[in-house]
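Below are the chains, spelled out letter by letter.
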Amino acid sequence: MSFEFPLRVYYEDTDLAGIVYYANYLRFIERGRTEWVRALGVDQGALKRDHGIVFAVRRVEADYLRPAKFDDELVVSTALVAETGARIVVDQAVWRGEEKLFTATVTIVCLGESGAPQRLPSDVRRKFAPAVH
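A quick note: this is a predicted structure, and the numbers were derived from the prediction, not measured. (Residues numbered from 1 in each chain as written. Predicted model: local features only at pLDDT ≥ 70, side-chain atom pairs only at ≥ 80, totals over all residues. Heavy atoms only, no water.)

**Some thoughts on the sheet that holds strand 5 (residues 99-111)**
Taken in spatial order, the 5 strands of this open sheet run 1-3-4-5-2, and their pairing is antiparallel. Since the sheet does not close on itself, it has two edges, and those belong to strand 1 (3-8) and strand 2 (54-64), each with one partner. Mean inter-strand twist for the sheet, computed between neighbouring axes without regard to direction, equals 25°. Relative to strand 4 (residues 87-96), strand 3 (residues 73-83) runs antiparallel, the two sharing 8 bridges. Looking at the pairing, T78 lines up with Q92 of strand 4. (Pairing = 2+ DSSP bridges. Helix = DSSP H or I, 4+ residues; strand = E, 2+ residues; numbered from the N terminus. Axes fitted to C-alpha atoms, helices over the stretch in contact; angles between N-to-C directions.)

Put into structure tokens, the structure is as follows:
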């Protein structure tokens, strides 16, 4: 199952050539992950407040395939690959229509207040279970 998040390229997202600056794809996929987690019913604010747990990106493996340009309508797709309790791996892509522009595999770790890895509570883990493909 893949979650889709639409967005538009703004002038501020582009470089002098009018194409999306490479680092902004990381912002786009971050927005996609945030909305995916929200759609799963996980409240990140409550997770931090009630359990002292936050999500942090540990690794990103990215491929830039084609450039997005000013005013393009894009879609960020997010699909869960694996969830191990203290680690979540997702595949993400940025699309312009049927054209794939960018792909990334992102590893996210769950950290406690001390900065050490911490397992997600079982009720939160269950929210990710149906998303595994």
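After that view, the rundown keeps rolling.
**Examining a nonpolar patch on the surface**
Among the surface-exposed residues, Y21, Y22, L26, V57, V60 and Y64 lie close enough to one another that they form a single nonpolar patch of about 560 Å² accessible area. At 3 residues, the largest contribution of residues to the nonpolar patch is made by strand 2. The residue Y22 is located in the loop between strand 1 and helix 1 (24-39) in this model. (Patch = residues over 30% accessible without salt bridge, like charges linked within 9 Å, V, L, I, M, F, W, Y side chains within 5 Å. Areas by Shrake-Rupley, 256 points an atom, 1.4 Å probe, with all protein chains shown as cover. Salt bridge = Lys/Arg side-chain N within 4 Å of Asp/Glu carboxyl O.)

**A few points about the environment of R125**
When you line up the elements, R125 lands in helix 3 (residues 122-128). For R125 and E83, which are 42 residues apart along the polypeptide, the C-alpha to C-alpha distance reads 8.0 Å. If sequence neighbours within four positions are ignored, R125 has contacts with E83, T84, G85, R119 and L120. Here the side chain of R125 touches E83 through a polar contact of 2.7 Å, side chain to side chain. (Contact = heavy atoms within 4.5 Å. Polar contact = N/O pair within 3.5 Å; in protein donor to acceptor, adjacent residues only side chain to side chain.)

**A closer look at helix 2 (residues 44-51)**
Two or three places before G45, at the start of helix 2, stands the capping residue D43, its side-chain oxygen 2.9 Å from that residue's backbone nitrogen. The positive-phi residue at the C-terminal boundary of helix 2 is G52, with phi of around 70°.

**Some points on the nonpolar core**
L74, I88, L120 and F128 are the most contacted members of the largest nonpolar core, which has 28 residues in total. Elements with a contribution of two residues or more to this core: strand 1, helix 1, strand 3, strand 4, strand 5 and helix 3. Looking at which element gives the most residues to this core, the answer is strand 5, with 6 residues. In this structure F128 touches W36, V37, L40, V42, F55, L80, E83, I88 and L120, once residues within four positions along its chain are discounted. (Core = buried A, V, L, I, M, F, W, Y, C linked by side-chain atoms within 4.5 Å. Buried < 20%, exposed > 50% of the residue type's maximum accessible area, 1.4 Å probe, protein only.)

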